[in-house]
Amino acid sequence: MPATRAVCTVLVADYEPLGTQPVAGTSDLPFICFTDDPELTSDCWEIRTIDPAFPRDAVRSARRVKALLHEYAPEFTETLFIDNAITLRARPEDILDAALADHDLALVRHSYRETVAEEFAVVADDGLDDPARVFEQLLHYRATWPAVLDERPYSAGFIARRTTPEVVAAMRTWYDHQLRYSRRDQLSLNAALARHGLPHATLDLDNADNPWFRSAPPHGRRGERRVGEYRRALEPPEEQVRAARRT
């Protein structure tokens, strides 16, 4: 039976404008955007509305779609997930043919981080997540999968995968770690792969500019980096604060 294929992305909480994909006009594959915005429209994306898994946590809600894509697009056996900042340069059919030729999962190696440990340090130093949670995760990995910390991390915005039990299990562990530890998914991807011993293809592509895609923040992004996002997720809703003050 031939593979059923799609290109997918996710956009939650009006973080940035939905990007365009000119290559969609040359492809026979559907381009599907999962979003919580029922008014979102696009000339190249099929819009599918979802309820965020965590209404007060847009990051983990979006990450759930990325990691557990098989639950949101169960009709497809092969998918190419791309972050909204990515614009494809090659037909996704050709990308999937090449990326999944020998493995059921293909990931792009991080271009400018040498080790997972370095990624931990950057996340903590730049205030991209709760430092206490980040360091707890680091200590747990050092005790459980120390070799992972010396590996080069992956850039998790470009994922080609085939829906197999093994891939689904690894992706579920990946998301479990994002729930238990930091929401920064690049910190936990290597550990999830190590946990399952999952063979995969490693793509040595420049993260910003290569023959398959380019990556750049869309014009109109609200905040170049989600510094302090975890703090905002802990803030009570404004209407509840106003109600508390009235009483």
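Look up: the structure comes first, before these words.
These remarks concern the structure in this document. (Residues numbered from 1 in each chain as written. Predicted model: local features only at pLDDT ≥ 70, side-chain atom pairs only at ≥ 80, totals over all residues. Heavy atoms only, no water.)

1. Points about the environment of I159
Selection rule: Helix and strand assignments come from DSSP, with helices taken as H or I runs of at least 4 residues and strands as E runs of at least 2, each series counted from the N terminus.
As for its placement among the helices and strands, I159 is situated in strand β7 (residues 154-162). Expressed as a C-alpha distance, the spacing of I159 and I82, which sit 77 residues apart in the sequence, is 6.6 Å.

2. Here we look at the side chain of N190
We apply this condition: The buried label goes to any residue with under 20% of its type's maximum accessible area, the exposed label to any with over 50%, and the partly exposed label to all in between, with areas taken from a 1.4 Å probe on protein chains only. Each polar contact in these results corresponds to two N or O atoms within 3.5 Å; when the atoms are within protein, one needs to be able to donate a hydrogen and the other to accept it, and residues that are neighboring in sequence are counted only if both atoms are side-chain atoms. Contacts are assigned to residue pairs with any non-hydrogen atoms lying within 4.5 Å of each other.
With respect to the helices and strands, N190 occurs in helix α7 (residues 189-196). Residue N190 is classed as buried on the basis of its relative accessible area, which comes to 2%. Here R152 takes part through its backbone oxygen, which lies 3.1 Å from a polar atom of the side chain of N190. Setting aside its immediate chain neighbours within four residues, N190 contacts V116, V148, E151, R152, P153 and Y154.

3. A few points about the nonpolar core
As a reminder of what qualifies: Only buried residues count toward a nonpolar core, which is a set of Ala, Val, Leu, Ile, Met, Phe, Trp, Tyr and Cys residues joined through side-chain atoms within 4.5 Å.
Ranked by internal contacts, the top residues of the largest apolar core, which has 31 residues, are F34, L105, W174 and L189. Those elements that place two or more of their residues in this core are β1 (5-11), β2 (31-35), α1 (58-67), α2 (69-72), β6 (105-109), β7, α6 (165-180) and α7. Ranked by residues supplied to this core, first place goes to α6 with five residues. Those residues within four positions of L189 in sequence are excluded, and the remaining contacts are L107, Y154, A156, M171 and W174. In this structure, V23, A24, L88 and A201 belong to the second largest nonpolar core, which totals 28 residues.

4. Focus: the environment of D36
Examined against the element boundaries, D36 turns out to sit in the loop between β2 and β3 (46-49). Look past the residues within four positions of D36 in its chain and what remains in contact with it is L11, V12, A13, T49, I50 and P52. Reaching out from D36, the side chain makes a polar contact with the backbone nitrogen of A13 at a distance of 3.2 Å.

5. Remarks on the pattern of salt bridges
Short version of the rule: For salt bridges, the criterion is a side-chain nitrogen of Lys or Arg within 4 Å of an Asp or Glu carboxyl oxygen.
Applying the stated criterion to the full structure yields 20 salt bridges. The salt bridge partner of R5 is D97, with a shortest N-O separation of 2.7 Å. Of this pair, R5 sits in strand β1 while D97 is found in helix α3 (residues 92-99), placing the two residues 92 residues apart along the sequence. Residue classification places R5 among the buried positions, given a relative accessible area of 17%. Judged by its relative accessible area of 42%, D97 falls in the partly exposed class. Across the pair D104 and R162 runs a salt bridge whose closest N-O atoms are separated by 2.5 Å.

6. Considerations on the packing of aromatic side chains
Given two aromatic rings, one states the distance between the centres and the angle between the planes to describe the pair. Short version of the rule: Any pair of Phe, Tyr and Trp rings, taking the six-membered ring for Trp, is counted once the centres come within 6.5 Å. Such a pair is stacked with planes under 30 degrees apart, edge-to-face with planes over 60 apart, and tilted for the rest.
Per the counting criterion, the structure on display carries seven aromatic pairs. Between the aromatic rings of Y141 and W145, the centroid separation amounts to 5.8 Å while the plane-to-plane angle is 70 degrees, which identifies the pairing as edge-to-face. Owing to a relative accessible area of 21%, W145 belongs among the partly exposed residues under this scheme. Between F158 and F213, the ring centres sit 4.7 Å apart and the planes meet at 25 degrees, which makes this aromatic pair stacked. Of this pair, F158 sits in strand β7 while F213 sits in strand β9 (residues 213-215), placing them 55 residues apart in sequence. Taking relative accessible area as the criterion, F158 reaches 1% and is therefore assigned buried. Looking at F213, the relative accessible area reads 2%, which means it is buried. One aromatic cluster in this structure is built from F120, Y141, W145 and Y181.

7. Description of the pairing of β7
Note the threshold: For two strands to be treated as a pair, DSSP must find at least two bridges joining them.
For β7, a buried count of eight out of nine residues is recorded, marking the element as mostly surrounded by other parts of the structure. Bridging between strand β4 (residues 78-82) and β7 involves five bridges; their strand directions are antiparallel. Bridge pairing in β7 links T79 to R161. The sheet contact formed by β6 and β7 spans five bridges and is antiparallel. Bridge pairing links L107 to I159 in β7.

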